[in-house]
Structure formats: C-alpha cells, structure tokens
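Residue-level structural notes
Here is what each chain is made of, one letter per residue.
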Amino acid sequence: SVAAPEPARSPPAEPKQHFSVSTLLGVRKLDKATWDLVDDQYVLGLSATWHPEASILGLESDFAFSVGTHQSFFSFFDDWSAGTTMELSGGPRIDLPLWSSPFRINAGLGPSLLYAGFEDTRGSDSDMTLGLYAHAGFWIELGDVHIGLDYRVLGGTDTDFNGRPGDSDYRQVTFVIGFHQ
C-alpha cells in the first residue's frame, strides 16, 4: 500500500498588530510659582502606539514641544518673558474598544525626560529633569483616521532657573488626530 502524501501546511499566521501615529495639539498649565507669566503654554506633540490585536495592553512613545510668551505693552521698561519645554516619554498603555463601536478609551503612564527653558529681561536659563506622566483619553475611529481628546499630567520634576528652585509639573489637554492600522 502506498501512503497518501500529506497536504502542504501553511505557516502559522502572524499575530496582527495595531499601530497608530497621532498629532497632539492643545494647552499646558505649568507651575505658576516657577513659570510666572508663561505658565500657560501651547503644546504640539507626536505620539506613536503599538499593541497586539488580541490585547488591550501595548506601548506608547511621545514627543512634545510647548511654548509660552508674555509681553507687557504698557510698561515703561521692556518687560517680556518666554518659556519652552521639550519632552520625550514612553511607557505601557491600555487601549480599550467600547463594545463593537468605533469609540476607544486609553490610558498610559511612564517616565518622562523634560528639557525646560526660561528667558526674561534678566537673563535665561535651562534645565533637564525626569518625571512621571499619566494620561487618559478617548478617540473615535473613522476608517483609518481617529480623532479624540487626551488629558495628561506630569509630576515629580525638579527644575532650577537662575538659582530659583521649582518644578515643571503640568496639566495638559490636547486634541488628538491621527492614523491607525
């Protein structure tokens, strides 16, 4: 008797991955005691996320830039100040679809490296600090595009401008728009 040849087996399917890249645009509120008249800043950022299709747990990485300026137009003397931050952060992320709808909620936390710069009529100074961020948000998926809102906080920072110790902790709200796969 001749044995029948075994049918060709296809290789196991690769697990599907979920990627997203988003632009963040919003406002950031820094510590008033440290940042004085430039504690309200505009923020622009880029966020990248990844998680396996069958999992709600993934990873995220963010880069953000913020800037705030102040100019006193009615002052006898030139009175102005400017503040900027640049931040690189990343950590674990939870991404939950809401039932079978296009809405998703997400949250994440992790370490953050923050560059902070402050300049006014008396001079300028900058500092680097580490902190811990946490955020939560939601988005709605419209095909391969998503839009939503995100609320983020940063704590545990320690900055020193011109000999004045303080912090660069903040609260931030951003509009999120991006693409996902």
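Residues numbered from 1 in each chain as written. Predicted model: local features only at pLDDT ≥ 70, side-chain atom pairs only at ≥ 80, totals over all residues. Heavy atoms only, no water.

**Structural notes on the overall build of the chain**
Note the threshold: For the purposes of this entry, the term helix denotes a DSSP run of H or I that reaches at least four residues, the term strand denotes a run of E that reaches at least two, and both are numbered from the N terminus. Burial classes: relative accessible area under 20% of the type maximum marks a residue as buried, over 50% as exposed, and values in between as partly exposed (1.4 Å probe, protein chains only). Contacts are assigned to residue pairs that have any heavy atoms within 4.5 Å of one another. In short, Shrake-Rupley with a 1.4 Å probe defines the accessible areas, and a residue's cover is counted only from the protein chains shown.
When helices and strands are counted, the chain shows one helix and 10 strands. Mapped in sequence order, the helices and strands of the chain form the string β-α-β-β-β-β-β-β-β-β-β. In the chain, which comprises 181 residues, the share counted as buried stands at 35%. Counted over contacts in the chain with a minimum sequence separation of 6, partners at least 24 positions apart contribute 59%. With an accessible surface of roughly 10,900 Å², the chain has 67% of that area assigned to carbon and sulfur atoms.

**So, the sheet that holds strand E2 (residues 40-52)**
Formally: Each pair of strands is called paired provided DSSP finds at least two bridges between the two strands. To obtain an axis, a line is fitted to C-alpha atoms, over the contacting stretch when the element is a helix, and the angle between two such axes runs from 0 to 180 degrees between their N-to-C directions.
Strands sit in the order E1-E2-E3-E4-E5-E6-E7-E10 around a closed barrel of eight strands; the barrel is antiparallel. Within this sheet the neighbouring strands show an average axis-to-axis angle of 25 degrees, counted without direction.

**Thoughts on the packing of aromatic side chains**
By convention here, two paired aromatic rings are described through the distance between centres and the angle between planes. Rule in force here: Aromatic pairing here means that ring centres of Phe, Tyr or Trp (its six-membered ring) are within 6.5 Å. Orientation follows from the plane angle: under 30 degrees is stacked, over 60 is edge-to-face, and everything else is tilted. Geometrically, a charge over a ring is one whose NZ (Lys) or CZ (Arg) sits within 6 Å of the ring centre while staying within 35 degrees of the ring normal.
Summed over the entire model, instances satisfying the criterion amount to three aromatic pairs. Considering the side-chain rings of Trp35 and Phe118, the 6.3 Å spacing of their centres and the 80 degrees angle between planes classify their relative orientation as edge-to-face. Of this pair, Trp35 sits in helix H1 (residues 32-35) while Phe118 is found in strand E5 (residues 103-120), placing the two residues 83 residues apart along the sequence. The pair formed by Trp35 and Phe118 is uniform in burial state, with each residue classed as buried. On the basis of an interplanar angle of 80 degrees and a centroid distance of 5.2 Å, the ring pair of Trp35 and Phe161 is categorised as edge-to-face. Residue Trp35 is located in helix H1, and its partner Phe161 is located in strand E8 (residues 159-161); the two are separated by 126 residues in the primary sequence. With relative accessibility at 0%, the residue Trp35 sits in the buried group. Chaining the aromatic ring pairs together yields one cluster made of Trp35, Phe118 and Phe161. Lying across the ring of Tyr170, Arg28 places its NZ or CZ 3.9 Å from the centre. Here the guanidinium or amino end of Arg152 rests over the ring plane of Tyr133, the centre of that ring lying 4.1 Å away.

**Concerning empty space enclosed by the protein**
Here is the rule: Here a cavity denotes a set of grid points, spaced 1 Å apart and computed over the protein atoms alone, in which a 1.4 Å probe fits but from which it cannot get out, and a pocket denotes an open set meeting protein on both sides within 12 Å along at least five of seven lines; residues with an atom within 4 Å of a point are reported as lining. Grid points are joined across faces, edges and corners, and a volume is the space filled by probe spheres set on the points.
Scanning the model with the defined rule gives two cavities of 30 Å³ or more in all. Its volume calculated, the largest cavity comes out at about 140 Å³. Around the largest cavity sit 17 residues that line it, and Leu24, Ser47, Arg93, Asp150 and Val176 are the ones nearest its centre. Looking at the lining of the largest cavity, the elements that each hand over two or more residues are strand E1 (17-30), E2, strand E3 (57-71), strand E6 (123-142) and strand E7 (145-155). Top element by residues in the lining of the largest cavity is E6. It accounts for four residues. One number sums up the size of the second largest cavity: a volume of about 60 Å³. Leu24, Arg28, Asp62, Phe63, Ala64, Glu87, Ser89, Arg152, Tyr170 and Gln172 are the residues that line the second largest cavity. For the lining of the second largest cavity, the element with the highest residue contribution is E3, accounting for three residues.

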